[in-house]
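Each chain is listed here by its residues.
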Amino acid sequence: MSVLTSPRGKVEVVHCRRTESQDIHCIKSLIRKFTQKLFGKFNIIYLLEKANLAITLHNDKEEIMAQATFLDYPNWNVAKQDDWVSVFRELDSEIPCTPLNTLFMHLFVAVDEYSVDCCKEIIRTVFKAVPELHFIFLIVPYYMSLGSTLSTVFDQVGNVPCLTYKEDFAVHICHRHNHYPQLHIRKARVEDHDNLMPIFLRHDTILKETYGEYFLAELIEAQDEENHAVVCEVEGEAVGFMSVCSRVNMLLLHECFDLRPFHGLCMPHPDDILDLPQEPSDGGQDAELSSNSQDSQNIVEEPQEPFSPEPKESIQGKVEEATSGERLPAIHGGNSSEMEDLENVSQFSTMDEQTQYMVSRSSASSLLHEEPSYFRPIYRGAPAAFCIQLFCIDEKHAARSLDFMNFVFSLFPDKNFCIISLPHLTPEFNLIQNFVKIVPFDNCTLQQDLYVFSRAGLLKSIDIRLATLRDTPGVENLVSTLLLSKSLLEDLDQYNEARRDPDGTPLQVFVAEVAEEIVGIAVIRNEMDIEYIRSHYNIEDFIYFSHHQREEHGHLYHFALNPVFRHYTKFFLKEILRLGYKSCLYYPIYPQCREGKFQRPYAHSLTSALHYFVPVRPRRQIVYPLEKLGTNAPSKAVSKEPLSYALNHTNRKLTLEPKITVNARIVVVGASNVGISFLETLVFCSHLKFNSLTLISTHGLPGKKLLGHEQRKFLASDYCFNDKDYALMSLCSWVNVVVGRMTAIDRVAKHVVVSHEDIVYYDHLILCTGQQYQVPCPTGADISQHLTNREVPNFSKLRYTGKVPCNLFTLNDEEDCFKALAWIRNNSITAEGNVIVYGNTIDTYTTVETLLHLGVKGSCIHLVQPPTASTITCLNNYSVESAVDGALRAAGVTVHQEAILAQWNEGRYPDPICSASFTTQTKPFRLPCSMFFSFCEKNVDYETFKALNDACLVYDGRLVIDTNFHTNDIAIRAAGSLTKFSNRYYSNEWTHSNFSSKEIGFQLAAAMLNLFDPTLEPVTEPPADLDRLIPMYKGAKIKGGILPGSYHYLHVSKPGIPTSLEVQMAKSDFGLEIVTGMVENGTYFRIHINKYRMVESLTCLSKEPFPASNYIRLFGQHEQVLNNLCVRYENEKITDLYSYFTEPWCLALFHDRFIDLRKELRLILASQKEEQLPSLVELARQIEDEEIELSEKPKKYLQRVFEDTIYKPLVERSILDYLHYNHYHLPMYAWPGIV
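Cut-offs and rules
- Residues numbered from 1 in each chain as written.
- Predicted model: local features only at pLDDT ≥ 70, side-chain atom pairs only at ≥ 80, totals over all residues.
- Heavy atoms only, no water.
- Salt bridge = Lys/Arg side-chain N within 4 Å of Asp/Glu carboxyl O.
- Helix = DSSP H or I, 4+ residues; strand = E, 2+ residues; numbered from the N terminus.
- Buried < 20%, exposed > 50% of the residue type's maximum accessible area, 1.4 Å probe, protein only.
- Pairing = 2+ DSSP bridges.
- Contact = heavy atoms within 4.5 Å.
- Axes fitted to C-alpha atoms, helices over the stretch in contact; angles between N-to-C directions.
- Expected span 1.5 Å × (residues − 1).
- Arc of directions from axis to C-beta.
- Polar contact = N/O pair within 3.5 Å; in protein donor to acceptor, adjacent residues only side chain to side chain.

### Some thoughts on the pattern of salt bridges
Okay, so step 1: The full count for this structure, using the stated rule, is 45 salt bridges.
Okay, so step 2: Notably, a salt bridge pairs R18 with E657, separated by 3.5 Å at the nearest N-O pair. Taken together, the residues span a long stretch of sequence, with R18 in strand β2 (residues 11-18) and E657 in the loop between β25 (646-651) and β26 (660-662) at a distance of 639 residues.
Okay, so step 3: For R18, a relative accessible area of 21% corresponds to the partly exposed category.
Okay, so step 4: Among the salt bridges present, the one from E552 reaches K50, with a minimum N-O distance of 3.0 Å. Of the two residues, E552 is situated in the loop between α16 (530-536) and β21 (553-561) and K50 in helix α3 (residues 44-50); the sequence distance between them amounts to 502 residues.
Okay, so step 5: Residue E552 is classed as buried on the basis of its relative accessible area of 14%.
Okay, so step 6: When its relative accessible area of 4% is taken as the criterion, K50 is described as buried.

### Observations regarding the sheet that holds strand β36 (residues 835-839)
Okay, so step 1: Read from one edge of the open sheet, five strands run β35-β42-β36-β37-β38, paired in parallel fashion. Sheet topology places β35 (808-809) and β38 (894-897) at the edges, where each strand pairs with a single neighbour.
Okay, so step 2: Taken together, the two bridges between β35 and strand β42 (residues 931-935) define a ladder with parallel strand orientation. Bridged to L808 within β42 is F932.
Okay, so step 3: Along the sheet, helix α23 (residues 814-826) makes contact with β35 and β42, crossing β42 at roughly 160°.

### Observations regarding helix α35 (residues 1207-1221)
Residues three or four positions apart in an α-helix share a direction because the helix packs 3.6 residues into each turn.
Okay, so step 1: Taking 1.5 Å as the rise per residue, α35 with 15 residues should run 21 Å; its terminal C-alpha atoms sit 21 Å apart, in good agreement.
Okay, so step 2: Within the sequence span of α35, burial applies to Y1207, V1211, S1214, Y1218 and L1219. Around the axis of α35, the buried residues are gathered within 130° of arc, so they sit on the same side.
Okay, so step 3: Each element contacted by the buried residues of α35 is listed here: α32 (1154-1166), α33 (1176-1184) and α34 (1194-1204).

### What about the environment of R499?
Okay, so step 1: With respect to the element layout, R499 can be found in the loop between α15 (485-498) and β19 (507-514).
Okay, so step 2: Assessed through its relative accessible area of 43%, R499 is described here as partly exposed.
Okay, so step 3: Ignoring anything within four residues of it in the chain, the contact list for R499 reads Q494, P506 and L507.
Okay, so step 4: Within the structure, R499 has its side chain in polar contact with the backbone oxygen of Y495 (distance 2.8 Å).

In structure tokens:
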């Protein structure tokens, strides 16, 4: 925030921010003829798309006062964008401009009255936002004067010719030191105390309260060879302080942190033990490489660090090199010239045991069956690190914090590393953004994060360029110990030989060079599948697609960078875009299977670089009736279905866009749909970087495709997530996964105990375990006594405590289903043996159908349905139930109703189950048993309940929460079927089970984001009376699957308290029921239209597969949007809804952006377009409230107003724009100009 004063004395408070697309209209209004003469003709949208940095200045009324746009190459075509450095060095050799420290102003506009101050404020903001920046160039025609505004900050340095026509252009320069100078660093003096104390007290008073009022003066006086205090000063006044010490507890650090990438922060020593002795093998590494590289699947070696719940880079795939004996050495002379530093660096080869960051061409990985053995090196060399003990700087100068580092390294010429430890909840400040965060070991007890900065990181002479043949030895040295080195070097050879792939795809290889040493390499190709990316991913959340040429889209294949220079990752990516003439880069992550206790992905690459990309949300796809569409179908580039992958993206606009780092340890317990939806929402917040997301789950992340592509699953689906969705998210790239069960919660120490042994610390604990099918507890009734259900005690609420039989299966997830399938195949169940399916949920029907499909004889399947307290059946539709019952009879499946489990094996040892006894309302019976499936009522798992109860969390049948998901512990939230609302809301019938799990997870994440996202508006506390209302969510409740008889079933309904269909239809305001087809022949389709003419529920039962994802989109639509569905049905023009919804007219309804069109149209109708008329929405309200009298029917009146005013052309234009913009998905629609 700054205050500007105009020459006339008017005052404006202004704020700087990044330019947004909605600013374009206001920016255009500020463009004058002089602006175009100065900067040339330009398309403002195109310019902003290609800009590295665009700054907008606005006042408190959100009125735009000024805007400036900066790129990393000059305008006016005075030099090629990949070769401007030589031109400007010839112009003035005294100006050491480089791509790292230079930007070019391509546009500046401002309100005339405040233009001078606006210009200075923007320039100061740019230098503050880009600490490495030293020069801003402005290029204008030589005959043009800069004007009174720009001339206040720019000075002319010479002229350069244009490349395309004979005309010279004047080059003007703006220096950093005139606006946001580097800080002067010196040793602290006692007299600095009075200047520094207000800065310290502004942040914290603990030091003063603990050590006294003059602790800082005492610290400054206590300096010696091991302890130093330094300050930064501006105009002779100290504005920042740093205390450094060479005494570091290396033993503790080695015990708690994985310091292998930095040689343990010690000097190399001959007695260092860096890796385990290798056993001799016949094939060696090359053999292993070749065996693992078959079928074009590049396998990356296993990360060799143990799990830790702390933030770690291994979750993005950390690749460790083998030790080769050399390492990047000490660089002395912190305040000496950079040339001296370069001479020191050039003596050494590329860092060998440092972590390398790789991008693989393929992310597919093999299955790992054994846990890696973790080895910790032993370092015997002298410590090579000093630590920062105390640091503080005035907020105005915080962006220059790195200026301290040169000076403090000069104080310790024998040290190579600077470290700092911070409480993990400390917000990331400017200084540590240049440090590398160290991965803690799993047994780390320190409640702090460790950051490291290398002396070599001070070098500013990093050069990014296209690779040449002479770079091959340096690249080989850089990647020699990486498993992907062979693939990368092959690409390098291909580039040196032909500059393109054998299939003709252009190929580019870039290297990063420091002191004539190769420290990084990147391989990109042209993205040849851009139509598929546009149609399947929301890439237009980040770019205006039409302003990017096809050849400007690049695909990142390999990326390796020495971690000492990791803070230059963004610069490396920015240079790739500039030198490669690209505007966008894409990096796909393919699904991977992992097993083990601590699940992480194989190094699919990028690791730290992945954080500089943004994950792109996949788009929901229309299921097209391709045969019916014929030539009007989308192109194959859009409709094809290759292997699904998660897409990551960066572009020119994002190269200087900072992310907000969140170090809070967020631990999610349970991979339920709620938990996955919660994690998905956090991961796809593109402007946030969550360093510590952890999932604790019994089987790890779902989506392993254990059952392959088999349509028939044992369990019904709620259509929240499927295997493809998991592949498109790639949560394993962002989330630590701990495989195990939560067995205890220590609320004081804030940790979760997993499987009675492992500890996972948290700052925010999210409980989403849900409810599971439990092992049924037999009543123990002796059926020889001919007991009935009335004579048997009710044991339904008791927990089974005996040994769980090996052939009893409670199916709760895909892992359980996979085990059941393996048992069936390994024990010849399909050939012989009785199978009992016990329960009355929809899962019993889908399981029976799966068993029949697997070949189990119907006569060997017994469906035993226990009595229920509710009269509502799982299908809640008599027609569907009668069809399923008929299919069961036809298949020979025996159905036993109102039967309660009495005994296994007649009361003897139950493992394995050979027979099962049941009581009924009349006569008991016994069944032989080879497999027993239990689908009794779901409940909270006992271990989960015990952990919650022992932690003293309020539990009342379920875990009690408030409307903001809080339990009685403010650090613990919960959601899903595990929970219930507190009794103070008087709504015990409403729980999260009544709503969509996916929506619950999203709302939980939205509530959490208010804690971490400063861009969100602060949440205001609701009024006291509204605090008693529970939130109501609108997402549809969905269930479906394949039922006996091979019926494909789908039911979509409004969330609510379950009510039988007959009761619903008996209500006076039920609405209308539209039914086509018959259940007997598998063509049944039912739609319920409520009193507001909206689709409230639909049920499909078909012998043929149908596009369920399309039909789900019908929920909540008005019947008129469905082409006047009710009128057509009443006129008997609709005889088959399946056929009706495959007609071309309706495909737009299934489009993922149709909801945006609806919102846009409503916005048009809600806005006042005519001066003397209210908006149509307001007009409708006035008619409803009888505020106006009409001589005609309201509907006819509104239609006449709509047609006679500007609303109709606006609506038509909006619809046509929607169809035109999305024509690649909707080519079956015609619009003016194509017919």
